[in-house]
Amino acid sequence: MPITAFAPRRRLLTVAAAALALAALPGLAPSAQAAYPDHPLKLVVPYPPGGATDVVGRVIAMKLAEELKQQVVVENRGGAGGNLGADAVARSDPDGYTLLMGAITSHSIMSTLEKKSISYDLMRDLTPVATIAAVPLVFVVNPKLPVHNLKELVAYAKANPGKLTYASSGAGAPQRMGAELFKRQAGVDMLHVPYRGSGPAMTDLVGGQVQTMVETVPAALPFIKSGQLRALAVTMPERISMLPDTPTAAEAGLPNFNVASMFGVLVPAKTPKPIVDTLNAALSRILVMPDTKEKLLQQGAYAVAPASADEARKRLQAEVDQWAQVIRDANITVD
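Remember, it's a predicted structure, so these values are computed and weren't measured experimentally. (Residues numbered from 1 in each chain as written. Predicted model: local features only at pLDDT ≥ 70, side-chain atom pairs only at ≥ 80, totals over all residues. Heavy atoms only, no water.)

J.: Please explain the environment of Pro 306 as it appears in this structure.
T.: On the secondary structure map, Pro 306 appears in the loop between strand 10 (302–303) and helix 13 (309–330). Residue classification places Pro 306 among the partly exposed residues on the basis of a relative accessible area of 37%. Residues Pro 306 and Ile 132, spaced 174 residues apart in sequence, show a C-alpha to C-alpha distance of 8.0 Å. Setting aside residues no more than four positions away along its own chain, Pro 306 makes contact with Ser 284, Leu 287 and Val 288. (Helix = DSSP H or I, 4+ residues; strand = E, 2+ residues; numbered from the N terminus. Buried < 20%, exposed > 50% of the residue type's maximum accessible area, 1.4 Å probe, protein only. Contact = heavy atoms within 4.5 Å.)

J.: How should unusual backbone geometry be read in this particular structure?
T.: Both trends apply: most residues other than glycine have a negative phi, and most peptide bonds are in trans. Of note, the amide linkage connecting Tyr 36 to Pro 37 takes the cis form, showing an omega dihedral of -5 degrees. Looking at the element boundaries, Pro 37 is found in the loop between helix 2 (31–34) and strand 1 (41–45). With a phi angle near 55 degrees, Ala 80 is a residue other than glycine that sits in the positive phi range. Within the secondary structure, Ala 80 is located in the loop between strand 2 (72–76) and helix 4 (83–90). Judged by relative accessible area, which is 48%, Ala 80 ranks as partly exposed.

J.: For this particular structure, what's the right way to read the pairing of strand 6 (residues 191–194)?
T.: Looking along a regular strand, one sees side chains alternate from face to face of the sheet. Examined bridge by bridge, strand 5 (residues 165–168) and strand 6 share four bridges and lie parallel to one another. Within the sheet, the bridge partner assigned to Tyr 166 lies in strand 6 and is His 192. (Pairing = 2+ DSSP bridges.)

J.: Hey, could you run me through the nonpolar core in this one?
T.: It is characteristic of soluble globular proteins that their nonpolar side chains tend to be buried jointly. Membership of the largest hydrophobic core comes to 39 residues, with the highest contact counts inside it found for Leu 126, Val 138, Val 140, Ile 240 and Leu 243. Broken down by secondary-structure element, the contributors of at least two residues to this core are helix 4, helix 6 (122–125), strand 4 (126–141), helix 9 (198–207), helix 10 (217–225), strand 8 (230–234), strand 9 (260–268) and helix 13. Once you skip the residues sitting within four places of it in the chain, Val 138 turns out to touch Met 213, Val 214, Glu 215, Thr 216, Val 217, Ala 220, Ile 224, Ala 231, Ala 233, Val 234, Thr 235 and Leu 243. Within the second largest apolar cluster, 35 residues are counted, among which are Leu 64, Val 74, Val 129 and Ala 309. (Core = buried A, V, L, I, M, F, W, Y, C linked by side-chain atoms within 4.5 Å.)

J.: In this structure, what is going on with the layout of surface pockets? I would like to understand it.
T.: Rolling a probe over the atoms, with the probe sized like a water molecule, indicates the empty space that remains. By volume, the largest pocket is sized at about 780 Å³. For the largest pocket, the lining is made up of 33 residues, of which Tyr 47, Ser 106, Ser 169, Pro 174 and Gln 175 are closest to its centre. Mapped onto the lining of the largest pocket, the elements with two or more residues apiece are helix 3 (52–68), helix 5 (104–113), helix 8 (174–186), strand 7 (212–216), helix 10 and strand 9. Here the lining of the largest pocket is built from residues that sort into 16 nonpolar, 14 polar and three charged. The residues that make up the lining of the largest pocket include at least three from each of domain 1 (41–134 + 260–330) and domain 2 (136–252). Quantified by volume, the second largest pocket comes out at close to 280 Å³. Lining the second largest pocket are 20 residues, and of these Thr 131, Asn 258, Met 262, Arg 315 and Glu 319 sit closest to its centre. Within the residue set of the lining of the second largest pocket, elements represented by two or more residues are strand 4, strand 9 and helix 13. For the lining of the second largest pocket, the class distribution of residues is 14 nonpolar, four polar and two charged. (1 Å grid on protein atoms, 1.4 Å probe; cavity = no way out; pocket = protein on both sides within 12 Å on 5 of 7 lines; lining within 4 Å. Points joined across faces, edges and corners; volume = space filled by probe spheres on them. Nonpolar A, V, L, I, M, F, W, Y, C, P; charged D, E, K, R; others polar. Domains from an automatic or database assignment.)

J.: Would you explain the packing of helix 5 against helix 13 in this entry?
T.: A pair of packed helices is characterised by two quantities: the angle between their axes and the separation of those axes. Close contact between helix 5 and helix 13 brings their axes to 8 Å; oriented N to C, the two are set at 50 degrees. With respect to each other, helix 5 and helix 13 are oriented oblique. In the packing of helix 5 onto helix 13, the handedness of the crossing is right-handed. Here Ile 104, Thr 105, Ser 108, Ile 109, Ser 111, Thr 112 and Leu 113 of helix 5 come into contact with helix 13, specifically with Leu 316, Glu 319, Val 320, Trp 323, Ala 324 and Ile 327. Among the residues making up the contact of helix 5 with helix 13, the classes are represented as eight nonpolar, four polar and one charged. (Axes fitted to C-alpha atoms, helices over the stretch in contact; angles between N-to-C directions. Parallel < 35°, antiparallel > 145°, perpendicular 65-115°, else oblique. Left-handed = near helix turned anticlockwise from the far one by under 90°.)

J.: It is not clear to me how the environment of Arg 196 should be interpreted in this structure. Could you clarify?
T.: Tracing the backbone shows Arg 196 in the loop between strand 6 and helix 9. For the pair Arg 196 and Ser 169, spaced 27 residues apart in sequence, the C-alpha to C-alpha distance is 5.6 Å.

J.: Can you walk me through the side chain of Thr 98 in this structure?
T.: Within the secondary structure, Thr 98 is located in strand 3 (residues 98–103). Exposure remark for Thr 98: the relative accessible area of 12% places this residue in the buried category. If sequence neighbours within four positions are ignored, Thr 98 has contacts with Lys 42, Val 44, Val 89, Ser 92, Val 267 and Pro 268.

J.: What exactly am I supposed to notice about the pattern of salt bridges here?
T.: Charged atoms that come close allow side chains of opposite charge to pair. In the structure shown here, the tally under the stated rule is 13 salt bridges. The residue Asp 87 makes a salt bridge to Arg 91 at a minimum N-O spacing of 3.0 Å. According to the relative accessible area criterion, Asp 87 is buried, its value standing at 15%. When its relative accessible area of 60% is taken as the criterion, Arg 91 is described as exposed. What emerges from the salt-bridge pattern is a single network uniting Lys 42, Glu 75 and Arg 77. (Salt bridge = Lys/Arg side-chain N within 4 Å of Asp/Glu carboxyl O.)

Right, here's the structure in full:
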């Protein structure tokens, strides 16, 4: 057979080899990535239904489905203070189809407080995509306590070292950490009284069994409006619409006090950057939508201004660093 008869076959083989070589080059392959997403996504909420993380997650899932033109299924995987769900996502395939609706502040606290018991590393095993929302906290006191602003609370605590009692919803809760940060910055000594959840803590605060608390605004707001609790200061850098007449901690004399319960979306580490960027862009569009802001605000959460995935990582690292320092300084344990 003449050698020329093999030429078409050789050309086909050459073209095929070239195509494979191009597919192996970074940034040139992703026919699959270009189509992302081509099937439904799963948003894991690491807490039971009905809580703040779940509600925020469902708002985001609905809007994200509209943006990506794919169904986003919410899956509640509660347990171990959010660690079970976070670990499940960390161990998932890094393909952009399994997302975590993270309680950023709680995960950051647990990354230090329960470092020996949790099986994933927050900064190593998960990649932040976007910071979504912030739930502000507020300093509240029982009205029988003779203080009407944050400066008076500091003065009262200094005059009664170790006697002023403050409640929290748990040893590692953001509310407890906010109070510990206040103690450190204000230079006061208060007695911690932990509870199993905000409900019983608020009940005893209203009843006068404990005297003060740093609590999320949505949980405290009904008691503030009814006069059962007195609001002293909110913990955000600016005044908030839910308590417009309540000063910020900075206005009340603590210029560097900025605490909120933060929420964000994360994916498994090693998720390709183009997928992370696609998700970040979609979430950035969602966060500026008036109806998104309104739905979040109805749950007591303020939408965070859109930022890059790199900025989301910096915010997460800042949370981890801040609470690690507070935990070390106050010698806080999970017990």
